[in-house]
Amino acid sequence: MTALPAPYISPAMTVEDAWIDYNGHLNMAYYHVLFDRSVDYLFEALGLGETYREKRGGTTYAAEVHVCYVRELHRGAPVVVWNQVIDHDAKRLHVYQELRHADGWLAATSESLTLHVHTSGPKVSPFPADILGKIAAMQNAHAVLPKPDRIGRAVGIPRRSS
């Protein structure tokens, strides 16, 4: 069996001209586009791609996503996304992602919870055993990676106690 990549790194992508806002950098919505495109590659590797939906009637829905913007990206920037499977259960998948410039520096992070859905409902349902096995194998491969510092963050304004 071939060793699974840890982390799973997306193919290279480029910041498109149409995604640049009036401040001259990547608009916040398009960070999500890059993360979403990357997770599509990850899901394909896990057997959860378009063919899976067409042939087996299963798909995924995002339940929650938390993005942190770390450094601006500009027109034409070459980027990749590092994907790390953090956890899973019978119906859910917890993934952490880092959007990185091709030079290696961190631009943004995303943490998401994804649900497995059968399209006949649509209804949240367990992953099939073969897919669950692939997810477990990737999570085990990613368990050697350090736990990301940015995982589990919450939105809020910290207050000092008086």
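Residue numbers here run from 1 along each chain, matching the order of that chain's written sequence. Two thresholds apply to this predicted model, a pLDDT of at least 70 for residue-level local features and 80 or more for giving and counting side-chain atom pairs, whereas whole-chain, interface and lining totals are computed over all residues. Computation of side-chain values covers all heavy atoms of the structure but excludes hydrogens and water.

J.: Residues and numbers for the pattern of salt bridges, please.
T.: The salt bridge criterion pairs a side-chain nitrogen of Lys or Arg with a carboxyl oxygen of Asp or Glu, the two atoms within 4 Å. Taken as a whole and judged by the stated rule, the model has 5 salt bridges. With its nearest N and O atoms 3.2 Å apart, the salt bridge here joins D17 to R75. Here D17 is found in the loop between strand 2 (13–14) and helix 1 (28–45), whereas its partner R75 is found in the loop between strand 3 (58–69) and strand 4 (78–88), with 58 residues between them in sequence. Residue D17 shares its accessibility class with R75, and that shared class is exposed. Between D130 and R56 there is a salt bridge, and its shortest N-O distance comes to 2.9 Å. One end of the pair, D130, is in helix 3 (residues 129–142); the other, R56, is in helix 2 (residues 50–56), and 74 residues separate them in sequence. Burial classes: relative accessible area under 20% of the type maximum marks a residue as buried, over 50% as exposed, and values in between as partly exposed (1.4 Å probe, protein chains only). Judged by its relative accessible area of 39%, D130 is partly exposed. Runs of E in the DSSP output that reach at least two residues are strands. Runs of H or I that reach at least four are helices, and both are numbered from the N terminus.

J.: Got a sec to walk through the nonpolar core? Specific residues and values, please.
T.: Throughout this description, the term nonpolar core refers to a set of buried Ala, Val, Leu, Ile, Met, Phe, Trp, Tyr and Cys residues connected via side-chain atoms within 4.5 Å. In this structure, V15, L26, L34, L73, V79 and L99 are the most contacted members of the largest nonpolar core, which totals 16 residues. Among the elements of the structure, helix 1, strand 4 and strand 6 (106–118) are those that each provide at least two residues to this core. The greatest single-element share of this core, amounting to 3 residues, is contributed by helix 1. Residues are treated as being in contact if the distance between any of their heavy atoms lies within 4.5 Å. Discounting residues that sit within four places of it in the chain, V15 has contacts with I20, L26, L34, L73, H74, R75, G76, A77 and V79. By size, the runner-up hydrophobic cluster in this structure holds 14 residues, among which are V39, V85, V95 and I131.

J.: Which residues make up helix 3, and what values go with them?
T.: Between the first and last residue of a helix there are one fewer steps than residues, each counted as 1.5 Å, and that sum is the expected span. With 14 residues, helix 3 extends 20 Å from end C-alpha to end C-alpha; this agrees with the ideal 20 Å at 1.5 Å per step. Among the residues of helix 3, I131, I135, M138, Q139, A141 and H142 are the ones counted as buried. Looking straight down helix 3, one finds that the buried residues subtend no more than 160 degrees of arc, so they occupy a single side. In helix 3, those exposed residues whose orientation departs by more than 90 degrees from the buried face are A129 and N140. Note that the arc is defined by the directions from the helix axis to the C-beta atoms.

J.: Please give an account of a negative patch on the surface that cites residues and values.
T.: Negative charge collects at one region of the surface, where D36, D40, E44, E50 and E54 lie side by side. Mapped by element, the contributors of at least two residues to the negative patch are helix 1 and helix 2. Looking at where E54 falls in the secondary structure, it is placed in helix 2. Patch criteria: residues need more than 30% relative accessible area and no salt bridge. Like-charged residues are merged within 9 Å; nonpolar side chains of Val, Leu, Ile, Met, Phe, Trp and Tyr are merged within 5 Å. Only the protein chains shown count as cover for residues, with accessible areas throughout obtained via the Shrake-Rupley method and a probe of 1.4 Å. By the counting scheme adopted, Arg and Lys are positive, Glu and Asp are negative, and His together with the chain ends is not counted. Note on charges: their place is set at NZ of Lys, CZ of Arg, CG of Asp or CD of Glu.

J.: Lay out helix 1 with the relevant residues and their values.
T.: A rise of 1.5 Å per residue sets the reference length of helix 1, with its 18 residues, at 26 Å; its end C-alpha atoms lie 27 Å apart and thus fit the reference within 8%. The set of residues buried in helix 1 consists of Y31, L34, F35, S38, V39, L42 and F43. Following helix 1 by one or two positions, G47 adopts a phi angle in the positive range, close to 90 degrees.

J.: Tell me about the pairing of strand 5 (residues 92–101), and please be specific about residues and values.
T.: Of all 10 residues in strand 5, 9 are buried, a share of seventy percent or more. Taking the residues between adjacent antiparallel strands as the criterion, strand 4 and strand 5 are bridged by 3 residues. Paired strands are those between which DSSP finds at least two bridges.

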